[in-house]
Amino acid sequence: QVQLVESGGGSVQSGGSLRLSCAATGPMFSVYTMGWPRQAPGKQRELVALITSGGSTNYVDSVKGRFTISRDNAKKSVYLQMNSLKPEDTAAYYCNADLRMTDGSTIRSYWGQGTQVTVSS
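Definitions and cut-offs
- Residues numbered from 1 in each chain as written.
- Predicted model: local features only at pLDDT ≥ 70, side-chain atom pairs only at ≥ 80, totals over all residues.
- Heavy atoms only, no water.
- Disulfide = S-S within 2.5 Å.
- Helix = DSSP H or I, 4+ residues; strand = E, 2+ residues; numbered from the N terminus.
- Buried < 20%, exposed > 50% of the residue type's maximum accessible area, 1.4 Å probe, protein only.
- Pairing = 2+ DSSP bridges.
- Axes fitted to C-alpha atoms, helices over the stretch in contact; angles between N-to-C directions.
- Core = buried A, V, L, I, M, F, W, Y, C linked by side-chain atoms within 4.5 Å.
- Salt bridge = Lys/Arg side-chain N within 4 Å of Asp/Glu carboxyl O.
- Contact = heavy atoms within 4.5 Å.

## Some words on the state of the cysteines
As used here, a disulfide is simply a covalent bond connecting the sulfur atoms of two cysteines. One pass over the structure, following the stated rule, counts one disulfide. Disulfide pairing is shown between Cys 22 and Cys 95; the S-S distance is 2.1 Å. Linking Cys 22 and Cys 95, the disulfide has an S-S dihedral of approximately -80° and is accordingly described as left-handed. You can see Cys 22 sitting in strand E3 (residues 18-25) and its partner Cys 95 sitting in the loop between strand E9 (91-93) and strand E10 (96-100), a full 73 residues away along the chain. Cys 95 matches Cys 22 in its accessibility class, with the two residues each being buried.

So this is what it looks like as structure tokens:
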């Protein structure tokens, strides 16, 4: 069974850092774009950062210069290094990945279980 397993959330004070990790497990052929959407209470979900299989990255304006997304293709993993955290970064962070399945043609989008990040002022 394919899963995205997240870790690394927690509570920090403003200005602190956290690193989120996500690993794709189970039978699959390859991993394409991976990303980190987040959702805060009462707000719409937003895509914080994404990284393609070739390593190209994109960030929402509010985190540019503070967050860094990276991946390890051999480990089928994606990471989000979050520095200079602000209270407005408080949200549930989800890992999202597009995976090519073992039939070689089907591509499906998978989501992690979510990890809470809380930043206090």
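## Side note on the sheet that holds E3
Across the sheet, four strands lie side by side as E1-E3-E8-E7; this open sheet has antiparallel pairing. Each edge of the open sheet carries a strand with a single partner, namely strand E1 (3-7) and strand E7 (67-72). On average, adjacent strands in this sheet sit at an angle of 15° to one another, irrespective of strand direction. Note that E1 and E3 share five bridges and pair antiparallel. By the bridge assignment, Leu 4 is partnered in E3 with Ala 24.

## Considerations on the nonpolar core
Among the nonpolar cores identified, the biggest contains 32 residues, and Trp 36, Leu 80, Met 82 and Tyr 93 are the most heavily contacted of them. Residue assignment for this core shows that the elements contributing at least two residues are E3, strand E4 (30-39), strand E5 (46-51), E7, strand E8 (77-82), E9, E10 and strand E12 (115-120). Sorting elements by how many residues they give to this core places E3 first, with four residues.

## Considering the pattern of salt bridges
Taken as a whole and assessed by the stated rule, the structure comprises four salt bridges. One salt bridge connects Arg 38 with Glu 46, and the closest N-O pair in it is separated by 2.7 Å. For Arg 38, a relative accessible area of 5% puts it in the buried group. For Glu 46, a relative accessible area of 29% translates into the label partly exposed.

## Describing the environment of Leu 80
On the secondary structure map, Leu 80 appears in strand E8. The spatial distance from the C-alpha of Leu 80 to the C-alpha of Thr 68 is 5.7 Å, given a sequence separation of twelve residues. Dropping the residues within four chain positions of it, Leu 80 is found in contact with Leu 18, Arg 19, Leu 20, Trp 36, Ala 49, Phe 67, Thr 68, Ile 69 and Tyr 93.

## Re the side chain of Thr 115
Tracing the sequence through the fold places Thr 115 in strand E12. Residues contacting Thr 115, with those up to four places away along its chain left out, are Glu 6, Gly 8, Gly 9, Leu 20, Ala 91, Ala 92 and Tyr 93.

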